[in-house]
Amino acid sequence: MIVQTALLVGLVLFSVLAIVLRDLLKSAISLAVASLLLGIIFFRMNAPYAGVFEISVVAGLITVLFILTIALTGAGDEVRESRLVNWVFPLVFVAFIVIDALVMKGLLGKIPALASGGETGSFGDVLWKGRTFDLVGQIAVILAGVFSVLALFRKRDKHD
Amino acid sequence: MTDTWYLYLFFSAALVFAGLLGLLARRNLIKLFIAIEVIAKGISLLLLGTGFAKDNVLTAQALVVTFIVVEVSLVATALALIINIYRQTKSLDVRKLAKLKG
């Protein structure tokens, strides 16, 4: 429990760093570290497949895509961020954490969630038999992503 | 089990709120997208945390895997859009997108 809490605190810290840091490259790396921590948390929650996906896809592929975009767009140094935000962000965030700690316990009983029940079978059974429609949706989403990237990077005719 | 659930819900709410604050406060398009990613992390933690607390880890895991696939597709499309916007406006400032060019 203590290790899990420490990992969760690290996850929130690195996520906040990813938003607060000025340098985009450092932000992207902080986000990757946060994903790595989330992957470890998933492993410790007996969810190895989700952990593997989180670490390989989110911490790996998405970070590479972010760094590639930062390199292609020249790091976006010309954007001037508001200075007031540097003060307001931590204050509002700490206020929210306090409210969160006070209110969340009371909300727990009111949240409708899945009824507790032991599951049988393996992850493969649940994914292929129970969530078959999700897989069809995943294929559709991946194809949509591929086509949209192709459309966005197509070469334009000269008269366009 | 309620304590575990409370822990995960508490931290996922913190992540989602940090992402929302980032969306409100930042002006750089890539920064805005990083904030969206932070929100996505909060959502996946919420899904798996609830599954773990309610003894439904396998279903929650299947949902998280689906969510990650959707997230990757979204990231690829959005970053391609950001690169195109940079080519058009030579800037990543979100305020410059307020002007319509016809």
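Residues numbered from 1 in each chain as written. Chains lettered and ligands numbered in written order. Predicted model: local features only at pLDDT ≥ 70, side-chain atom pairs only at ≥ 80, totals over all residues.

Trainee: Residues and numbers for the overall build of chain A, please.
Mentor: Assigned secondary structure in chain A consists of six helices and zero strands. Listing each helix as α and each strand as β along chain A from the N terminus yields α-α-α-α-α-α. Against the compact-globule benchmark of 15 Å for 160 residues, chain A has a radius of gyration of 21 Å, which places it well outside the compact range. Principal axes of the C-alpha set define a box for chain A whose edges measure 60 × 45 × 30 Å. Looking at chain A as a whole, 24% of its 160 residues are labelled buried. Considering only intrachain contacts with a sequence separation of at least 6, the fraction spanning at least 24 residues in chain A is 48%. (Helix = DSSP H or I, 4+ residues; strand = E, 2+ residues; numbered from the N terminus. Rg over C-alpha atoms; globule rule 2.2 N^0.38 Å. Buried ≥ 20, exposed ≤ 12 C-beta atoms within 10 Å, placed from the backbone. Contact = placed C-beta atoms within 7 Å.)

Trainee: Explain the interface of chain A and chain B to me, and be specific about the residues and the numbers.
Mentor: Taken together, the contact pairs 66 residues of chain A with 59 residues of chain B. Mapped onto the side of chain A that touches chain B, the elements with two or more residues apiece are helix H1 (2-20), helix H2 (24-44), helix H3 (48-72), helix H4 (84-108), helix H5 (123-130) and helix H6 (132-152) of chain A. In terms of residues, the side of chain A that touches chain B owes the most to one element, H3(A), which gives twelve residues. Considered class by class, the residues forming the side of chain A that touches chain B number 44 nonpolar, 14 polar and eight charged. (Nonpolar A, V, L, I, M, F, W, Y, C, P; charged D, E, K, R; others polar.)

Trainee: Give a detailed account of the packing of H1(A) against helix H2 (residues 29-53) of chain B, specifying residues and quantitative values.
Mentor: In the contact formed by H1(A) and H2(B), the axes pass within 9 Å of each other and the chain directions differ by 165 degrees. As the angle between them shows, H1(A) and H2(B) are arranged roughly antiparallel. Considering how the two elements wind past one another, H1(A) and H2(B) form a crossing that is left-handed. For the pair H1(A) and H2(B), contact is made by A:Ser15, A:Ala18 and A:Ile19 and by B:Ile34, B:Ala35, B:Val38 and B:Lys41, respectively. Among the residues making up the contact of H1(A) with H2(B), the classes are represented as five nonpolar, one polar and one charged. (Axes fitted to C-alpha atoms, helices over the stretch in contact; angles between N-to-C directions. Parallel < 35°, antiparallel > 145°, perpendicular 65-115°, else oblique. Left-handed = near helix turned anticlockwise from the far one by under 90°.)

Trainee: Account for the domain arrangement of chain A, with residues named and values stated.
Mentor: Here chain A is described as being made up of domain 1 (1-82) and domain 2 (121-155). Placing a centre on the C-alpha atoms of domain 1 of chain A and another on those of domain 2 of chain A gives a separation of 23 Å. (Domains from an automatic or database assignment.)

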